[in-house]
Amino acid sequence: MKPEEKKKWASKIFWKIFLALFIAFFALYVSEATGYYEFEQHKRVTLTQDKIKEFEQDIADGKNVDIKDYMGEREINYQTKISNTGLKISEGIGKWAQDGLGAAFNFLNQIMEE
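Now for a description of the structure that goes with this document. (Residues numbered from 1 in each chain as written. Predicted model: local features only at pLDDT ≥ 70, side-chain atom pairs only at ≥ 80, totals over all residues. Heavy atoms only, no water.)

### Points about the overall build of the chain
- For the chain, the count of helices and strands is three helices and zero strands.
- Counting from the amino terminus, the chain carries its helices and strands in the arrangement α-α-α.
- By the compact-globule yardstick of 13 Å for 114 residues, the chain is too spread out, its C-alpha radius of gyration being 29 Å.
- In terms of overall dimensions, the chain has a C-alpha envelope of 80 × 65 × 25 Å along the principal axes.
- Out of the 114 residues in the chain, the part that is buried amounts to 2%.
- For the chain, the exposed surface amounts to about 11,200 Å²; the carbon and sulfur share of it is 63%.
- Distance between charge centroids for the chain: 14 Å, based on 16 positive and 18 negative side chains. (Helix = DSSP H or I, 4+ residues; strand = E, 2+ residues; numbered from the N terminus. Rg over C-alpha atoms; globule rule 2.2 N^0.38 Å. Buried < 20%, exposed > 50% of the residue type's maximum accessible area, 1.4 Å probe, protein only. Areas by Shrake-Rupley, 256 points an atom, 1.4 Å probe, with all protein chains shown as cover. Lys, Arg positive; Asp, Glu negative; His and termini not counted. Charge placed at Lys NZ, Arg CZ, Asp CG, Glu CD.)

This is the structure:
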């Protein structure tokens with residue numbers, strides 16, 4: 001590859017990375033400027049206040065109260081087919097490495113005993 005082509009190629013990559021970072025920055029800036037984050041926090045506070053009122057009303061009515069009924073969905077499952085496949089591959093490699101190291105140490109142990 002000629003030096004001129006390398007410079008063109010490097011320049012293209014630089015400008016693409018710069019453009020991607022600029023777009024990401026601009027999106028974050030707009031979301032902050034429009035108050036998106038504050039709105040999401042306001043929704044959480046409002047939901048919490050509503051649950052507190054519901055809890056107090058249930059106590060006043062003499063109902064059987066369980067905290068789990070008033071807590072929102074807390075556990076989010078982030079598993080996907082790709083992450084599960086990666087986990088299985090990782091566990092397989094770990095088992096293979098563990099078996100290999102065990103066999104190597106057993107072999108070294110046998111050599112040392114002789």
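### Considerations on the pattern of salt bridges
- Taken as a whole and assessed by the stated rule, the structure comprises three salt bridges.
- Ionic pairing is found between Lys63 and Asp58, a salt bridge with its closest N-O pair at 3.6 Å.
- Here Asp99 ties to Lys95 by a salt bridge, and the two come within 3.0 Å at their closest N and O atoms. Remark: Lys95 and Asp99 occur in helix H3 (residues 81-113); sequence separation between them is four residues, near one turn of the helix.
- Residue classification places Asp99 among the partly exposed residues on the basis of a relative accessible area of 44%. (Salt bridge = Lys/Arg side-chain N within 4 Å of Asp/Glu carboxyl O.)

### Examining helix H1 (residues 3-33)
- With 31 residues, H1 extends 44 Å between its outermost C-alpha atoms, agreeing within 8% with the 45 Å of an ideal straight helix rising 1.5 Å per residue.
- Of the residues flanking the end of H1, it is Gly35, one or two places downstream, whose phi is positive at about 80°. (Expected span 1.5 Å × (residues − 1).)

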